[in-house]
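Observations on chain architecture
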Amino acid sequence: MDLWLKIVLGAVLFALLSGVVITFIISSIIFKRIFIRNSDTMLTRGNSEPGANPDHDAMHVLAEEWYEKHRHLAREVSIENDGLKLAGQYFDFGFDRCAVILAGRTEASVYSTVFAQPYVDSGYNILVPDNRAHGFSEGKLVTMGYRERFDLLAWMEYAHDTLGCREIVYHGVCVGAATGVYAATEPNAPDYLKGITVEGLFENFYEVLRQRILARGRKPFPVLQELWLMCRVRIGVNFLRFSPERRIGSMKYPILFIHSKEDISSLPESGERLFAKCGSENKRIVWMESGSHSHIRLTHRDEYDGAVRSFLESL
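Reference entry: report on the structure contained in this document. (Residues numbered from 1 in each chain as written. Predicted model: local features only at pLDDT ≥ 70, side-chain atom pairs only at ≥ 80, totals over all residues. Heavy atoms only, no water.)

1. A few points about the overall build of the protein chain
Each helix and strand counted, the protein chain has 12 helices and 8 strands in total. By the compact-globule yardstick of 20 Å for 315 residues, the protein chain fits well, its C-alpha radius of gyration being 21 Å. In terms of principal-axis extent, the alpha carbons of the protein chain reach across some 85 × 40 × 40 Å. By the burial criterion, 54% of the 315 residues in the protein chain qualify as buried. (Helix = DSSP H or I, 4+ residues; strand = E, 2+ residues; numbered from the N terminus. Rg over C-alpha atoms; globule rule 2.2 N^0.38 Å. Buried < 20%, exposed > 50% of the residue type's maximum accessible area, 1.4 Å probe, protein only.)

2. Observations concerning the layout of surface pockets
In this model, the largest pocket occupies a volume close to 1,400 Å³. As for the largest pocket, its lining consists of 49 residues, of which Ile 34, Glu 49, Arg 105, Arg 212 and Arg 216 are closest to the centre. For the lining of the largest pocket, the elements supplying multiple residues, two or more each, are helix H1 (3-35), helix H7 (205-215) and helix H8 (223-235). Element by element, the count of residues in the lining of the largest pocket is highest for H7, at 7 residues. When grouped by side-chain class, the residues that make up the lining of the largest pocket number 23 nonpolar, 16 polar and 10 charged. (1 Å grid on protein atoms, 1.4 Å probe; cavity = no way out; pocket = protein on both sides within 12 Å on 5 of 7 lines; lining within 4 Å. Points joined across faces, edges and corners; volume = space filled by probe spheres on them. Nonpolar A, V, L, I, M, F, W, Y, C, P; charged D, E, K, R; others polar.)

3. Examining the nonpolar core
Core analysis: the biggest nonpolar cluster contains 97 residues, and Phe 35 and Ile 126 have the highest contact counts within it. Those residues within four positions of Ile 126 in sequence are excluded, and the remaining contacts are Trp 66, Gln 89, Tyr 90, Phe 91, Phe 93, Cys 98, Ala 99, Ile 101, Ala 116, Tyr 119 and Val 120. (Core = buried A, V, L, I, M, F, W, Y, C linked by side-chain atoms within 4.5 Å. Contact = heavy atoms within 4.5 Å.)

4. Section: the pairing of strand S3 (residues 97-102)
Among the 6 residues in S3, 6 count as buried, and that is most of the element. Side-chain alternation along S3 places Arg 97, Ala 99 and Ile 101 on one buried face and Cys 98, Val 100 and Leu 102 on a second face that is also buried. The sheet contact formed by S3 and strand S5 (residues 167-173) spans 6 bridges and is parallel. Directly across from Leu 102, in S5, lies its bridge partner Gly 172. Relative to strand S4 (residues 125-129), S3 is paired through 3 bridges, and the arrangement is parallel. Across the sheet, the residue bridging to Cys 98 is Asn 125, located in S4. (Pairing = 2+ DSSP bridges.)

5. Thoughts on the packing of aromatic side chains
Tallied over the full model, the rule gives 14 aromatic pairs. An angle of 85 degrees between the planes, with centres 6.4 Å apart, marks the rings of Tyr 119 and Tyr 124 as edge-to-face. By relative accessible area, which is 0% here, Tyr 119 ends up buried. Judged by centre distance (5.1 Å) and plane angle (85 degrees), the ring pair of Tyr 146 and Phe 242 falls under edge-to-face. Remark: Phe 242 occurs in the loop between H8 and helix H9 (244-247) and Tyr 146 occurs in the loop between S4 and helix H5 (148-161); sequence separation between them is 96 residues. Positioned over the ring face of Tyr 124 is Arg 97, at 4.2 Å from the centre of the ring. The ring centre of Phe 275 lies 4.8 Å from the NZ or CZ of Lys 283, which sits over that ring. (Phe/Tyr/Trp six-rings, centres within 6.5 Å; stacked < 30°, edge-to-face > 60°. Lys NZ or Arg CZ within 6 Å of the ring centre and 35° of its normal.)

Keep in mind these values describe shape, not function.
Written as structure tokens, this is what we have:
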């Protein structure tokens, strides 16, 4: 082979390998930021990213206001599941029913209370767990509902058997919405679960990552594919196959979908497809004209709470 040809081929190979190494480093940093809690100062019960998103900051203010108003009714609760001690808070309003609420990734029990009021209005106590690797719960790895679904089932059992709540309903946002779908479609999902509300439910988490990369003006390839591979290796899950779009057809519980037409993470067309695929005989979907992902209640509080109360009345 000609020397110059060897040099050119070597340079091309070096460039390709260098590019792979660089993108893999970038993917590793992103993976750690999204999926791993490296210290106790990450994913606390406080605002996870103050100043990063005005809508999120405003939602956190609303949550803290509700929390402070009702904290005299709260008590710390805990369970053990999958070798982890999981923490949460229970607000006892004197009812015999309970709403379990999980916000999205990065947020814990205090933030979840921002969605509590329509449930209290409808006669439900409030249980807001800290997801594994969040708040006061143990764990290092965030699995986007893959393992958390069994934690949620354990919390429901605790609310029913230990707290004495005869009926359970569930409210989940984004990853919390996916977790609820996964739990409700497990074979051992309990009869005392009477219905679930999902805000911003996505078809699969792979697509959510792709949309967020695009929203930042970046090209998904090859970082997205590398993140998918890391999830396969580190978490043990294929987010293209383990997904709400694959499970929603098995949904038998009453379910309320809440979506924003402005959502750029859980796209409106995804919401339409999920609703169409849903196997529940009691399903309804409510569309809000505006509202960013996971923050719909900020701009449509009355409409949002009214939709939840109306759904609860149908159970």
